[in-house]
Amino acid sequence: MSESKIPHHVGIIMDGNGRWATARGKDRSYGHKIGSSNVDKIVEHAFNSGVYALTLYAFSSENWARPKKEVDELMKLLKLYIQKFYKKLVGSGIRLIVAGDKSALTPDLVKEIEKVEQATKNNAEHILNIALNYGGRQEIVNAVNKLINDGKSVTVDSITEYLYTKDSGDPDLIIRTGGEKRLSNFLLYQGAYSELYFTDALWPDFDEIEFDKALEEFSKRKRRFGKI
Ligand code: IPE
Ligand code: IPE
Ligand code: MG
């Protein structure tokens, strides 16, 4: 595949953990555990394939409506992931950004997030955005409010500059695992011209081969951006 056909920024809606576990007679939390252990493999593979930025949808602003036990388990796994990332990747070229409203997270999780964001802020090879307590509508509202507070004019470009993904560019490709064909409030502003790829593979089963299938499909798409 030629370099120009590799998407610069890929968003992934990592869906299907619960169904994966239920199909095995296990608790949904088990699906989240196995799903979270799948993340590193895909991150590494995507970056090795030439992708510059990845945005992984880990927890939506609507996911708080799930049973407390499941939310607690997800928060625990996210904290473990961030801690592991700090140990492993601070010295790498990857900059980690948590995209989402941190104010609703526990102070100890926020502390871990800020530690890794600070430690990787000058890494310039890749950007890994973890969308956590993220909602696309709220992100747009926040950007507009911040612009107004800063006394700046609200334009298409100025809003872009106030989004979590401002240094990643718009996603060229958005992948959703788990069979549903919707965005579920993910990258609404940035995704205006993203190519969408839906696969029935559940997130814990989504491996390098599945990722390559998405890249292959992307390479065949004709992006017109309104032109002919
Ligand atoms: C995605 O898997 C992970 C999160 C939303 C946090 P789900 O938990 O939504 O799994 P399904 O869709 O119920 O199978
Ligand atoms: C989207 O999945 C959010 C994440 C993958 C983190 P959901 O499972 O929450 O989406 P819906 O509820 O099916 O739209
Ligand atoms: Mg789901």
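Placed above this text is the structure.
From a predicted model like this one, the values you see are computed outputs, not experimental measurements.

> Quick one: what's the story with the packing of helix α2 (residues 28-36) against helix α4 (residues 68-89), residue by residue and with numbers?
Two numbers describe a pair of packed helices, the interaxial angle and the distance between the axes. The geometry of α2 relative to α4 is characterised by a closest axis approach of 10 Å and an angle of 20 degrees between their N-to-C directions. Comparing their axes, α4 and α2 come out roughly parallel. In the crossing of α2 with α4, the sense of the turn from one axis to the other is right-handed. Between α2 and α4, the contacting residues are Arg28, Ser29, His32, Lys33 and Ser36 on the first element and Lys69, Glu70, Glu73, Leu74 and Leu77 on the second.

> Can you tell me about the site of ligand 2, naming the residues and giving the values?
What surrounds ligand 2 is the set Ile13, Met14, Asp15, Tyr57, Ala58, Phe59, Asn63, Arg66, Arg176, Arg182 and Ser184. Between an oxygen atom of ligand 2 and a side-chain N or O atom of arginine 182, the distance comes to 2.8 Å. Calculation on ligand 2 without its partners gives an accessible area of 390 Å², and the protein chains cover 78% of this total. Assessed atom by atom at 2 Å from the grid points, ligand 2 resides in the largest pocket. Sorting elements by how many residues they give to the shell around ligand 2 places strand β2 (residues 53-60) first, with three residues. Looking at the shell around ligand 2 residue by residue, the class counts come to five nonpolar, two polar and four charged.

Definitions and limits used
Residues numbered from 1 in each chain as written. Chains lettered and ligands numbered in written order. Predicted model: local features only at pLDDT ≥ 70, side-chain atom pairs only at ≥ 80, totals over all residues. Heavy atoms only, no water. Axes fitted to C-alpha atoms, helices over the stretch in contact; angles between N-to-C directions. Helix = DSSP H or I, 4+ residues; strand = E, 2+ residues; numbered from the N terminus. Parallel < 35°, antiparallel > 145°, perpendicular 65-115°, else oblique. Left-handed = near helix turned anticlockwise from the far one by under 90°. Contact = heavy atoms within 4.5 Å. Near = heavy atom within 4 Å. Polar contact = N/O pair within 3.5 Å; in protein donor to acceptor, adjacent residues only side chain to side chain. Areas by Shrake-Rupley, 256 points an atom, 1.4 Å probe, with all protein chains shown as cover. 1 Å grid on protein atoms, 1.4 Å probe; cavity = no way out; pocket = protein on both sides within 12 Å on 5 of 7 lines; lining within 4 Å. Sits in = over half its atoms within 2 Å of the grid points. Nonpolar A, V, L, I, M, F, W, Y, C, P; charged D, E, K, R; others polar.

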